[in-house]
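# Chains, contacts and geometry: an overview
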Amino acid sequence: MTDATAQGRIGAAPLLRLALAALVLHLVLIQPNHPAAMTWGALLVFPLELPAILLALVALGHGGAGRAFRTALVAALLLIAVLKLADFAMFTALGRGFNPVSDLPLVEAGLRLLAGSAGLGLTILAAAAALAIFALAGWLLWWATGTWARVARPRGVALASGAAAILAAGVATAEIGQAMGRWSLPAAPPGAAFTARVGVERIGMARATLAELRAFEAAARQDPFAEREGLLDLIDRDVLVIFVESYGRTSLDTPLYAATHRATLAEGAARLGALGLAMRSGFVAAPTRGGQSWLSHGTFANGLWIDNQTSYGAALASGRQTLFHMAGRAGFRTAAVMPQITLEWPEAAFMGFDTVLPARDLGYAGLPFNWVTMPDQFTLAALDRLLRDGTHAAPLFAQVALGSSHAPWVPVPDLVDWAEIGDGTIFNDMALSGDPPDVVWRDRDRIRDQYRQAVDYALRTVLDYAARHAGEPPLMFVVGDHQAAAFVALDERPDVPVHVIGPPHLVELVAEWGWSPGLIPAEDAQVRGMDRMRDLILGTFTSAAEEGS
């Protein structure tokens, strides 16, 4: 072996390390934050931050200034990588990005959902794996930045590298401004500064959310119904606000679901009509998609647009009276029947409920349906047993949040004879039937079919409940809480159906809302925000309503 050959081989190793280090940084910088961007083409995107980072590392070297820069850089890249992963999860599940101010509580909720679907053991393993991957990514970034910081620098190279890094950072900044609509460039840059833009956008989002919170707290204290007397005096019976989980407009418009769900609604309308009940239906826009049902519950009850956790907390803390506070003032017993609440629910104290019945208080002794604690039919039977047994003089005004059409939609119960429900053990064989979620969720077509079946079960259950009580019917508002996740719903709109079911003299009062008779809303029906529902109900069912209410 000649000296020249040996020197060549020795020189190749540092170049390979530099290339690998640059590749590590490249992969972190091009990490997508949206499912639609997870393509092979993403690997070909040139990150404009990369030359700025590499040149800055060479310019600063591995001294004190260099180590400080590397520490800040690695921390920033890790933080933005986590934000991108959170974005990816949120876009997949909820159809929107992650808000670092208002969405942090969802981490715990997501872990509980995972534990309910996959089991505690797998959830712990997944969390441990995530922490290990995070630590590995941090180590790789520290190694990669250190490799470039140790590049030998002949005299004058550090200064030139610093100047070039500033120029490269300027190009990246210009691209960020153009992508965010701040300005236009005469020529398109040769890449994208996507990672830096995510960081800038999240800082802006956090500032905007905090500002929104301050404004929301002020607006939440303004309520035209707060001092009104005689509210809801036209209602002479129980009122049930029943939220059907993941029931959205896709059930009526997407062929994959509409054939089943429209038939169920049409059959239900004919049956209820024959029993003397009236029905009207329309659409409202929900504040969330794919999850976070409590935002829809809060929006409906508060009459405020609550589309994130920060606004939800602000509404509860604001002192604004919900629909249930108003009903309590009007002489109703108020209650919340919440079969999916398995932990403490301190927020309930601010929502106007006299009685709160979480899962543990509903008397279900059967097996859970994976994350779903009990079938909807049992929930409605418990509502009758615990709150509508005929022993109370005051009428009931209750929120009922059904859960059988919540993901993972496996397995789907069947209706049983109401008289045989008992403690719920009649459902045990159903709870053990079919493939588990980890099998079904490998195939998106199977997921969608399970969703179709689950929503159909929920609708049939509610309609059967209405028919069962046709002799002394409550006034029912049957509300879709939100659309399912986009890959399931196949519909990006936030619209959900609302059905008003009850005695004709009450249901006909909502004709002024422009809603259609029956259980299928007109396709061209006006879509109001769900935040309008509280005031619509208060104004419509109160005699001598004030002008503008």
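See above for the structure.
Residues Leu 16, Leu 20, Leu 23, Leu 27, Trp 40, Leu 43 and Leu 44 make up a contiguous nonpolar surface patch of roughly 800 Å² in combined accessible area. Structurally, the position occupied by Leu 27 is in helix H1 (residues 3-29).

The terminal C-alpha atoms of helix H9 (residues 255-274) lie 28 Å apart, and with 20 residues this matches the ideal 28 Å at 1.5 Å per residue to within 8%. Buried residues of H9: Tyr 257, Ala 258, His 261, Thr 264, Leu 265, Gly 268, Ala 269 and Leu 272, and no others. In this structure, the buried residues of H9 make contact with helix H8 (250-253), strand S2 (278-285), helix H16 (444-468), helix H17 (486-489) and strand S7 (495-502). Just downstream of H9, Gly 276 is the residue with a positive phi angle, here 95 degrees.

Turning our eyes to something else, we now look at the nonpolar core. Among the nonpolar cores identified, the biggest contains 63 residues, and Leu 383, Met 476 and Ile 501 are the most heavily contacted of them. Looking at this core element by element, the count peaks at 12 residues for H16. Setting aside its immediate chain neighbours within four residues, Leu 383 contacts Leu 240, Val 337, Arg 388, Leu 396, Val 400 and Tyr 465. Counting residues in hydrophobic clusters, the runner-up holds 52 residues, among them Ala 301, Ile 306, Ala 336 and Val 479.

Before going further, it helps to spend a moment on the pattern of salt bridges. The final tally for this structure, using the stated rule, is 20 salt bridges. A salt bridge links Asp 384 to Arg 388; the shortest N-O distance between them is 3.5 Å. Taken individually, Asp 384 and Arg 388 each receive the classification buried, so the pair is uniform in this respect. Where Asp 491 meets Arg 493, a salt bridge forms, and the shortest distance between an N and an O atom there is 2.7 Å. Given the relative accessible area of 8%, Asp 491 is considered buried. One continuous salt-bridge network, built from bridges that share partners, spans Arg 249, Asp 253, Asp 491, Arg 493 and Asp 495.

It is at 10 Å that the axes of helix H10 (residues 293-302) and helix H11 (residues 309-317) come closest, and there the two elements cross at 40 degrees. When the interaxial angle is binned, H10 and H11 end up oblique. Considering the relative orientation of H10 and H11, their crossing is left-handed. Where H10 abuts H11, its residues Trp 294, Leu 295, Gly 298 and Asn 302 lie against Gln 309, Tyr 312 and Ala 315. Taken together, the residues that form the contact of H10 with H11 break down as 4 nonpolar, 3 polar and no charged.

Conventions adopted
- Residues numbered from 1 in each chain as written.
- Predicted model: local features only at pLDDT ≥ 70, side-chain atom pairs only at ≥ 80, totals over all residues.
- Heavy atoms only, no water.
- Patch = residues over 30% accessible without salt bridge, like charges linked within 9 Å, V, L, I, M, F, W, Y side chains within 5 Å.
- Areas by Shrake-Rupley, 256 points an atom, 1.4 Å probe, with all protein chains shown as cover.
- Salt bridge = Lys/Arg side-chain N within 4 Å of Asp/Glu carboxyl O.
- Helix = DSSP H or I, 4+ residues; strand = E, 2+ residues; numbered from the N terminus.
- Expected span 1.5 Å × (residues − 1).
- Buried < 20%, exposed > 50% of the residue type's maximum accessible area, 1.4 Å probe, protein only.
- Contact = heavy atoms within 4.5 Å.
- Core = buried A, V, L, I, M, F, W, Y, C linked by side-chain atoms within 4.5 Å.
- Axes fitted to C-alpha atoms, helices over the stretch in contact; angles between N-to-C directions.
- Parallel < 35°, antiparallel > 145°, perpendicular 65-115°, else oblique.
- Left-handed = near helix turned anticlockwise from the far one by under 90°.
- Nonpolar A, V, L, I, M, F, W, Y, C, P; charged D, E, K, R; others polar.

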